[in-house]
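Each chain, letter by letter, is given below.
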Amino acid sequence: MKKLNFGCGHRFSSGWINIDFNSEHPEVIAHNLLQPLPYPKDYFDVIYSSHVLEHFSKDTGEMLVKECYRVLKPQGILRIVVPDLERTCREYLRIIDSIKNEEAKKQYEWIIIELIDQLVRTEHGGLMKTYWRQVLENNDESSISYVEARTGVDIQEEIASNNSNSLFQKVFSINQNKLKNKFKYLYLDMVKRLIPRYVRKSMLDETSLGEKHKWMYDSYSMKSLFERVGFSDIKFLDAHTSDIPNFSDEVLDINADGTVYLPGSLYCEGVKPNK
Ligand SMILES: C[S@@+](CC[C@H](N)C(=O)[O-])C[C@H]1O[C@@H](n2cnc3c(N)ncnc32)[C@H](O)[C@@H]1O
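To start, this report covers the structure provided alongside it. Since the model is a prediction, treat every value here as computed from it, not as a measurement.

### A word on the overall build of the protein chain
Part 1: Each helix and strand in the protein chain was counted, giving ten helices and seven strands.
Part 2: Oriented by its inertia axes, the alpha-carbon framework of the protein chain measures out at about 60 × 50 × 40 Å.
Part 3: Buried positions account for 40% of the 275 residues belonging to the protein chain.
Part 4: Once local pairs closer than 6 in sequence are excluded, the contacts in the protein chain between residues at least 24 apart make up 69%.

Laid out in structure tokens, this is it:
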């Protein structure tokens, strides 16, 4: 069975063809998704992607789904996982409706970052990491557990690993792909420096590729997208369920310990119909 995971990031598994722009591992093929998928039509039985589509504009996202349709075999399954715009908006409204409450005021600080900062940030990490550091410093248990439940991220671990990436660890973990990436970003950094400093910040977006959201989906817009491209049997499932054979054995939407990897996601599947 031929399976593709596009925009896999660090979440790749053997038995799949894993592709990403940032390839730091020999199992990940470096490919820019703004280019057509480098596979012939009717090639894959399954295509999966998690938290990638929202990093493309609406039109480019649609082109990418069309590409998936092209390279899928008839009866092949496409599974797309994205943050759920509707759930985030409903949570925002729940909080704003009870904003006089002290707990709601604290939760507001996070939900507004979840909703807006992901779209508008121009620096790596944006307001999110500043907020994580702040709640950790304040030992603000209720905010920490609120954010962790929404994101599935152990923020203590995340910030600690950010801080502890020593020079020794960096040198030790280097490989050919990482080195290629480093040179690519070094080159971009040099080009950036040709722009006068006083306009640089307003002209340049310093988020990394795949960090910022450019569009968001709810079940209505995702279903419409799948339908426009030609998919049938469109359904919304959860992290534990899929029509992809043996999907629950994969460490993709579920972590190795059985917890959900990215809670609050929208899990959509569709089938490429027979001609
Ligand atoms: C938020 S991460 C999700 C990673 C992984 N799928 C997961 O669920 O943890 C988005 C990924 O999309 C990749 N990506 C974004 N734009 C891309 C592009 N134009 N070409 C290839 N990969 C891209 C990024 O490198 C990043 O690994």
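That shown, we press on.
### Digging into the pattern of salt bridges
Part 1: Here the structure, examined in full by the defined rule, presents 21 salt bridges.
Part 2: Note that D117 is salt-bridged to R121, the shortest N-O span being 3.4 Å. The same class applies to D117 and to R121, which are both buried.
Part 3: For E211, the salt bridge is made with R121, and the minimal N-O distance between the two is 2.8 Å. Of this pair, E211 sits in the loop between α9 (197-203) and α10 (219-229) while R121 is found in the loop between α3 (102-120) and α4 (126-137), placing the two residues 90 residues apart along the sequence.

### Focus: α4
In an α-helix, one turn spans 3.6 residues, which is why side chains three or four residues apart end up on the same side.
Part 1: Along α4, the positions that sit buried rather than exposed are M128, K129, Y131, W132, V135 and L136. Down the axis of α4, the buried set is contained in an arc of 160°. They therefore lie on one face. Turned more than 90 degrees from where α4 packs its buried face, L127 and E137 sit exposed.

### So, the site of the ligand
Part 1: Of all residues adjacent to the ligand, which total 17 residues, the nearest are G7, D20, L33, S50 and Y261.
Part 2: N32 places a polar side-chain atom, nitrogen or oxygen, 2.9 Å from a nitrogen atom of the ligand.
Part 3: Between the ligand and L33 there is a distance of 2.8 Å, counted from a nitrogen atom to a backbone nitrogen or oxygen.
Part 4: Grouping the constituent residues of the shell around the ligand by class yields seven nonpolar, nine polar and one charged.

Cut-offs applied
Residues numbered from 1 in each chain as written. Predicted model: local features only at pLDDT ≥ 70, side-chain atom pairs only at ≥ 80, totals over all residues. Heavy atoms only, no water. Helix = DSSP H or I, 4+ residues; strand = E, 2+ residues; numbered from the N terminus. Buried < 20%, exposed > 50% of the residue type's maximum accessible area, 1.4 Å probe, protein only. Contact = heavy atoms within 4.5 Å. Salt bridge = Lys/Arg side-chain N within 4 Å of Asp/Glu carboxyl O. Arc of directions from axis to C-beta. Near = heavy atom within 4 Å. Polar contact = N/O pair within 3.5 Å; in protein donor to acceptor, adjacent residues only side chain to side chain. Nonpolar A, V, L, I, M, F, W, Y, C, P; charged D, E, K, R; others polar.

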